[in-house]
Structure formats: C-alpha cells, structure tokens
Amino acid sequence: MIPFINYENEVFEASFYIRALEDYMRGILLLTTLTIFAYGISIQPTKAQNTLPSLHIQKAKGKIILDGALNEADWENAEVAGDFMQYFPYDTSLANSQTEIRITYDDEFLYMGAKMYNQAKDRKYVTPSLRRDYRGEANDGITLILDPFQDKTNSFQFGVNPFGVQREGLIANGGSGGGQNLSLSWDNKWYTKAVQYEGYWIAELAIPFKTIRFKENSQKWNMNFYRIDSENGERSSWARIPRNFSLITLAFNREVFFDKPLKKPGANISLIPFVTAAYEHDQEEGLSPAKSADFGGDAKIGIGPSLNLDLTFNPDFSQVEVDDQVTNLDRFEIFYPEKRQFFLENADLFADFGTENLRPFFSRRIGVTRDESTGQNLQNKIHAGARLSGKINNNWRVGLLDMLAAKDDRLSLPSTNYSVASFQRKLFTRSNVGMIFVNKDPTGPLQAADGSDSIRTYNRVLGIDYNLASANNQWNGKFFAHRSFSNESLNDAFALSSEIEYNTLRWEISGRLQSIGANYDPETGFARRNGYNRFSQSIWYNFYPNSTIVNRHGPGFDTDNIWNGTYGTTDRDINLMYRIQFKNTSMFNMRLRHDYVFLYFSFDPTNTGGIELPEGSEYGYYSVIANYDSDARKKLFYSLNTRSGGYFNGTRVNLDSEIGYRIQPYGIISLVTNINRLRLPYPYNDANLLLIGPKFDVTLSKSFFLTTYFQYNNQIDNINVNARLQWRFKPVSDIFLVYTENYLPETFYSRNRSLIFKATYWLNL
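Every value quoted in this text rests on a predicted model; they were computed, and no experiment measured them. (Residues numbered from 1 in each chain as written. Predicted model: local features only at pLDDT ≥ 70, side-chain atom pairs only at ≥ 80, totals over all residues. Heavy atoms only, no water.)

Undergrad: I keep staring at the overall build of the protein chain and nothing clicks. Help me out?
TA: Summing up its helical and strand segments, the protein chain has 4 helices and 46 strands in all. When the 765 residues of the protein chain are sorted by exposure, 54% land in the buried category. Of all intrachain contacts in the protein chain linking residues separated by at least 6 positions in sequence, the fraction that spans at least 24 positions is 60%. By element, 57% of the accessible surface of the protein chain is carried by carbon and sulfur atoms, the whole surface being about 33000 Å². (Helix = DSSP H or I, 4+ residues; strand = E, 2+ residues; numbered from the N terminus. Buried < 20%, exposed > 50% of the residue type's maximum accessible area, 1.4 Å probe, protein only. Contact = heavy atoms within 4.5 Å. Areas by Shrake-Rupley, 256 points an atom, 1.4 Å probe, with all protein chains shown as cover.)

So this is what it looks like as structure tokens:
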C-alpha cells in the first residue's frame, strides 16, 4: 500500500480511500436514480405566478419620513399591491380584512408602506408582548418576504405589528417545512413606524440595502406580503398560498420590477464590540468565588452585495437564552437548537446538510458544552473565528467557516480547530445539490492516560446532499450520502438517506429510507445513534367540512422501523391517528400507538440510576397519546399533551402542559409542567418525575425586557433560576445582566451561581 498524503502522525493509505469511495458510490447511485425521477417534477411551471399582475417599483423623488401617515407624494404615486387572498380559514376568496402595500426606494433604503383595514372600527389588537421577534397566530402583523435572487429557496423576512414591534428572520429550504425553516434569531439594523387609526392601521418600514444580499444591477426580485388578523383569526397574503402548504413557502412569490438597476450600496462594514464582567462561585466543587472581565467583538463585512464575511475575536455567548430543560427518558442525546448570532446568517449552508437528528455539522459543538448534572450550558472559550457565506451568483452559494477553540482542562478538552467548507448549486426551478466538508482537528500534542503524548486524533466528514423542491411545492425531498473519517481508518463510516414528501389539498404522504454505518461518527455534528437501517412512512387525509367550528380534520397512519444486520428489528412503532384543526386556530391530535423495542445494550428506562433492563431483552406495548393547543388569541391560553399506557415492562402516565396568561402588551406569565409516573415490576425502579418551570416574560417597553425562569427538575435533583435583563439602548445594541443559580432541592443549598454583565454596540461604518 502506498501512502499518498502524510500529515504529521496521520497517514492516509489508498485502500482507506477506496473503501470510502465504495461507500460513496452506493450513495451516488441512489442520488442519480432519484435525481432523474425528480427532474420531471422539479420543472413544472407555477401557473398562478405567471398569470398574476406584477408590481412595478419607482425610485422615490423626495424624502420618505417614517411617521405612519403615508402622505408623501411618492406613496401617492406608487403602485398598490392589494387584493390579498385568504390563506386561513379558506384559500379560495379575497381576504375579509384587506391590505394595501406600496414599495419605493432610494440609494440607501427599500421602503414599504402598508395600510391594514379592519372590519371593526374600534379594534383591539393582539400582541403577546413588546419583545422583538414575535411569532404565531396570536398576533396582528404585516410581514414582507424578499427573495432578491429569485431562487425560491432562501429569503429575508421583515415584519411589524400595530404596536411597532419589529421582527426579522431568514427563511431556508423554500419555507416548505413551515416554522422549522424560519429563524427569527437573526438580527439586523432597520427602522419602522406603526400608527393605529380608527378602522385601520399603517406601518412604514425602511430596510437598508446593506442589510439585504442581492445581485448588483438586478431589476427583478420575488416578493410576497402576508398579514395576520387576530380579530377574525384570518391569515392572508398577496400571492395566493394554498392552505395545505406553509404560509411562508417561497414557491408562489410574485415578481416585482424596479425602474432602474440596483447599485451596490457602498461600504458595508459593521463592528460589534462588547465588554463583559462576571462573578462566579461554584460551591459544589468547593471553589473560591471568581471575578473576571473581558472584551472582544464581531465584524460583518459585505463582500459585494451578496456575500458576507463574519469575523469574531474572543467571542462571548453569555446573552444566549437558557435552554428549556426536558425530562430525558430517551436512550440517546437530545438536540438543542442554535441561537447564537454569529452562526445564523445563511445557516442552512452549514446546518441543513443531513436531516433531523443526523447532521454532519452542528454548530453548538463549538464553544458550548453542557453540564448534564444541572442542564446548564458551559462555555468552551473560542479564540477567534471567521465565516464567509452567501451567493456567488444566481446559481451558486458558498459557505466557509474556521474557528479555534481554547484548551479547557476543566472539561478535558484540547485546543481544537474547527473548519467547514460547503457549496450549493441550484438545479431546475427550486431544487439544489450541495457538498460539505467538516474538519475537527486538535492542535498540539494530546496526553494519553499514562501521561505520555498520544497520537493526535482528528474527525472529518465529507457529504453530498440533493434537495428536491418542485415548482408547485407538491413534491419535496432530500437525498444524501455522508462519510466520516478518523485516524482509525474504520469501515462502515457512512450515512445514506432518502426521503420524499407529497402534499395536496387532500393528501399528505411521506417516506424515508436510511442506512447508517456502525462507525459513522460526525463529532462536530449530531447523530443520535449509528449502525442501523430505517424505513418510515406517514399518510394523512384531510376533510374540509362546511362548518362554523371545524376548519379541517382527518385520519392518519404512520410507521417507523429500525433494524440492523446483527439484531434484526430493534425499534418499531405503528400509529393510528386523527387530527382536528378548528377555525378559532386551536388544534387537537390523538393517536393509538404500538411500540416494539429490542435492547442491544442495557438501559434504565427511568434514567434514575436504578437496575437496568438487560441487554437482549425485548418489549412490546400500547399507549394512547393526545394533545390540544387552545386558541392562543385569548388572554388565557394553554397546551396539553398526555401519554398513557405501556412502557417497556411497566406502565407510564405522562402529562405535559403549558399555561400562559397575557398581560397585554407588557408580557406573559406562563407555567410549564412535565409529569411522568413510571411503574416497573420489582426489582426495577419506579419513578415519579417532575419538571416544573414558571416563566415571567416582562416587556416594560420596546427596548426594556426582563425574562425569568424557575426550573425544578427532580430527575437531575436541581432547581435552576435564570434571570436576564436586557436594555436595547440603540438598534441592535444592548446591555445584558444575566443571573443564574442552581440549588439542591432538599436543602436549597446553592450548588453554583453566576452574575454576568455584558454591553454590546452595533456600529455601521
């Protein structure tokens, strides 16, 4: 065998890459077959968009003042986007509460003027609070969707409610998955004004062109606008969206034309410095109180109008919201979403390779680790990082990331370099193919157990994904082949997956087939398990009755089967389901479920440290699962979930609930409760698991917020208090004061506490 690359102690041999190539050929064969099939359904024209009138946008001749009046001559002369179509409760008629949109621009800003009419003149609008980035049906609001490259895959979203509260976000994957493909964690600097009048309200938005990535000299974009009217539970949009799809889907956006080519918006550089001060005391470990201060910052640099370079030096993530704790009855790791601003723009170029619970790259592996005894985050210091992402042209997107994390003896972590390279090529109307390479490489020698230097271990993943999205959005799917590499040169380190979804007004059908090698190990990714094959399918049928109460209802059936060559079937569930969506926006779901589990490793199903069920044992049991989400437009709203029936060799009764009360517009008081009553035969543990968490989300104004969590979790024997005070003294510039303390429930002895101050300022150059 001939080594053809030599990197210090790492020797890659030709046979190693031949095995990798064999794994990839299996994936390429799968992708090729499915791509040929997908070609025919990806190029269907979207007839509705081709027949509807477009909007022509004229450059403003005068100055636009954001006063909520729309009295400038440029607004009077602008074309009007009107005749909004209902999306909910119906999708075949004009909206009852109509909306008029006007768009204009100058050299610096894109402006939107919106007038929202009401059926009742003395309307009382609904908002959960004055906090930025509201979401859900329990809001009034108007939202603008911008797709400057007309790829119908990625877009920007800007919205405002009648109280002047802003929201901005990024839509990925064509918006076909609904809220899971909308990130409202992304922030940027833009301006708005909203005023309420008798019988209507007006909103004006001014969005800097520096905030939007677009192709220079373009004159044609895709846009849509949608409105939520809480009084009537009505949702409507300018471009008609069939109600069996997500309201944010990009497949039906309409074209708008600018009267002149759009020019590069000039230098686009933002500096975001910060300073922090912290007090920490870990009494459980017997450590003395520690005080510290630090500084660092980020920079956002526009590389042309469509690429963005993010730089970070000594970043700090202390303003990250505390994760909601969960009761863990699973045999595998739990996924927590990314919330940090540095990783969010064009996040899909890094984070959306793979599929749910099987990602080659998961950014929370960098800079954040988790203390499982308290459920809280711990920082792994990052020295610096860089991230380039965005569009090269209408067809190509690129993502590059490199970060260096510090050595942390407390967590037994070496100094580690993380790097990611990805690209994406648009295919057909809305589909694309992408490749990703992820590299995790410790820097410097590592210490073996005997104290000697050990061979440096690395972890790498190479992958290719094909994302299918038909022009009419009826077909969506994902097909990928990934391979992990390490210095051990292991076989069966692959992940292959194909999934397809078909969605019409009546039918929702999906299927997934996966094969994951026993040695597939994406250390900078997320894989709950390996060494299995999986086939799952789901079918729903929808009825639309002529009813004043029910909007739609229908039965469903799904199965999920997991097996491998060693043990045969290890997991299987079969579900008979029924769901009802009401016109008041509430929802009810119910299912009868049968589970089969074969334990190929011993496991305590209570996760309380009791006697484990033996390896090689198998269990089959039935349960009934139901959930109800109430009308969130009411001041008192709630969500109830329950599961009762068998559980391995015993029984489980579960109740999850969230009850909230809205003190409009100043915030919400809520209580989250998770109760599990587990009964197993002797000698195994019984358990009564309780997780309860009151939360106070208070917004004294649009710039002053206080959020306080109390979380009691008897599974990890911990009480956590987390309070975060935030003052947004200028757009996207904040002062944070974050207090966290963990207690032992029996004695209220403080395990550890911290108080962190942070100030950050967004400066545009």
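Undergrad: Could you clarify how one ought to interpret the nonpolar core in this entry?
TA: Side chains that are nonpolar tend, in soluble globular proteins, to be buried together. Formed by 38 residues in total, the largest nonpolar core has its most connected members in L110, I142, W221, M223 and F225. Mapped onto this core, the elements with two or more residues apiece are β3 (55-59), β5 (99-105), β6 (109-117), β7 (141-147), β8 (155-160), β12 (200-208), β13 (220-229) and β15 (254-258). Setting aside residues up to four positions removed in sequence, M223 forms contacts with I57, L110, L144, I145, L146, W238, N253, R254, V256 and F258. (Core = buried A, V, L, I, M, F, W, Y, C linked by side-chain atoms within 4.5 Å.)

Undergrad: Please explain the pairing of strand β34 (residues 550-564) as it appears in this structure.
TA: Within a regular strand, side chains alternate between the sheet's two faces. In the sheet, strand β33 (residues 532-541) pairs with β34 via 8 bridges, with the strands oriented antiparallel. Paired with N533 across the bridge in β34 is W563. By the bridge criterion, 14 bridges tie β34 to strand β35 (residues 568-582) in an arrangement that is antiparallel. Pairing of G556 across the sheet is with M577, part of β35. Hairpin geometry of β34 and β35 is characterised by an intervening segment of 3 residues between the two adjacent antiparallel strands. (Pairing = 2+ DSSP bridges.)

Undergrad: What exactly am I supposed to notice about the confidence of the model for the protein chain here?
TA: A residue-level look at the protein chain finds 87% of positions with pLDDT of 70 or above and a mean pLDDT of 88. Every residue in residues 1-14 is under pLDDT 50, and counting partners more than four places away or in other chains gives 25 contacts. Scored below 50 in pLDDT, residues 319-323 makes 20 contacts in the model with residues more than four places away or belonging to other chains. (pLDDT = per-residue confidence, 0-100.)

Undergrad: When you look at the pattern of salt bridges in this model, what are you seeing that I'm missing?
TA: Under the criterion given, the structure shown has 36 salt bridges. One salt-bridge network, held together by shared partners, links R132, E168, D187, R728 and D734. (Salt bridge = Lys/Arg side-chain N within 4 Å of Asp/Glu carboxyl O.)

Undergrad: Help me understand a nonpolar patch on the surface, please; the structure alone is not making it clear to me.
TA: There is a patch of nonpolar side chains on the surface, built from L636, Y638, L640, L655, I659, Y661, I663, Y666, I669, I675, F696 and F710 and spanning about 1000 Å² of accessible area. Of all the secondary-structure elements, those providing two or more residues to the nonpolar patch are β38 (636-647), β39 (650-663) and β40 (667-679). At 4 residues, β39 tops the list of elements feeding residues into the nonpolar patch. Relative to the helices and strands, F696 is located in strand β41 (residues 687-701). Residue classification places F696 among the partly exposed positions, given a relative accessible area of 34%. (Patch = residues over 30% accessible without salt bridge, like charges linked within 9 Å, V, L, I, M, F, W, Y side chains within 5 Å.)

Undergrad: How should I be thinking about unusual backbone geometry in this particular structure?
TA: Leaving glycine aside, a negative phi is the common case for residues, and trans is the common case for peptide bonds. Geometrically, the link from Q664 to P665 is a cis peptide bond, its omega value of -5° lying close to zero. With respect to the helices and strands, the residue P665 is situated in the loop between β39 and β40. Residue P683 is reached from Y682 by a cis peptide bond, and omega for that bond is 15°. Structurally, P683 can be placed in the loop between β40 and β41. Positioned with a positive phi, D83 is a non-glycine residue whose angle comes to about 50°. You can see D83 is positioned in the loop between α3 (73-77) and β4 (85-88). Classification of D83 by relative accessible area gives exposed; the value is 56%. Of note in the backbone geometry, F748 takes a positive phi value of approximately 55° without being a glycine.

Undergrad: Could you clarify how one ought to interpret the environment of N589 in this entry?
TA: Following the sequence through the fold, N589 ends up in strand β36 (residues 587-598). Judged by relative accessible area, N589 falls into the buried class, the value being 19%. Through-space distance from the C-alpha of N589 to that of Y628 is 6.5 Å; in sequence the pair is 39 residues apart. In contact with N589, other than residues within four places in its own chain, are Y578, R579, I625, A626 and N627.

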